[in-house]
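# Report on the structure
The primary structure of each chain is shown beneath.
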Amino acid sequence: MSYDHMLLPSGVAATPAEVDAYFVTQEGRAETPAVAALAAELNDRNAELPEADSFLSTSVGGVPYGAALHIASPYDAIGFVRSLVFELATPRDYAVYDPQLTWLIDPAGHIPVTVTHGGAGEFPYLTETLAHFWVRELADPNPYLIVEREPQVYIQTYRNSAQDFTLEYRDGAPGRHFTTQVAGADTVAELIWAWTRRNHERLDQLSWERLEL
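Residues numbered from 1 in each chain as written. Predicted model: local features only at pLDDT ≥ 70, side-chain atom pairs only at ≥ 80, totals over all residues. Heavy atoms only, no water.

## Thoughts on the side chain of threonine 179
- Within the element layout of this structure, threonine 179 appears in strand β10 (residues 177–183).
- Residue threonine 179 is classed as buried on the basis of its relative accessible area, which comes to 14%.
- Those residues in contact with threonine 179, other than ones at most four positions away along the chain, are Thr166, Leu167, Glu168, Ser207, Trp208, Glu209 and Leu211. (Helix = DSSP H or I, 4+ residues; strand = E, 2+ residues; numbered from the N terminus. Buried < 20%, exposed > 50% of the residue type's maximum accessible area, 1.4 Å probe, protein only. Contact = heavy atoms within 4.5 Å.)

Okay, here's the thing in structure tokens:
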């Protein structure tokens, strides 16, 4: 059984339903040059490895699927494949769709940061849309989200209940680590996005306590 990632041009869909509809429009269309280049790079990277270390379940591309690309990988290679897919897709202005999670991760308006999602691992950028989506969806057993600009410079949240969140940020040294409580997923997402954009106006309006670890 394989884990799937789907690539599609940025901006052509905004919801899982629109993603599915877009894929239908691509069936039978000639492979685009962008997809051919992406597929060739993935196949070449995979071919460089011993067969036992292959990260593709089967070679990708070479089928009439227009501007879309299907990538199937073994489950034990999910993290590696995801990282590689973003490395190749983002500079080409391609979005990544995860049909298992029904997540569309589109780079439009993105800011490069390291995002750690408690339930799904690491991602290389954040957008305003993703900030709201991911915070709203935080759920047990790991209901946290971390956005890191550089080592020890980050903002993170933990969902305590449906409406109650702990929000923390650290600005380098241990003495620059603060915490507060915030109500509402959308408010938390707005604060995280503001921090990501280096806009601290709303953050400075909150009552922060220094966090002693």
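## A word on the sheet that holds strand β4 (residues 103–105)
- As summarised here, the arrangement of the four strands in space is β2-β1-β3-β4, forming an open sheet in which the pairing is antiparallel. The open sheet has two free edges, formed respectively by β2 (69–74) and β4, since each of these has just one partner strand. This sheet shows a mean twist of 25° between the axes of neighbouring strands, independent of strand direction.
- Where strand β1 (residues 2–9) and strand β3 (residues 94–98) come together, four bridges link them in antiparallel fashion. By the bridge assignment for β3, leucine 7 is matched with valine 96. (Pairing = 2+ DSSP bridges. Axes fitted to C-alpha atoms, helices over the stretch in contact; angles between N-to-C directions.)

## Remarks on the pairing of strand β5 (residues 111–117)
- Summarising the sheet, β5 and strand β6 (residues 121–126) pair through five bridges and their orientation is antiparallel. Note that in β6 the partner of histidine 117 across the bridge is glycine 121.
- Two successive antiparallel strands, β5 and β6, enclose a turn made up of three residues.
- Sheet analysis places β5 next to strand β7 (residues 144–150), joined by four bridges and oriented antiparallel. Paired with histidine 117 across the strands is leucine 145, a residue of β7.

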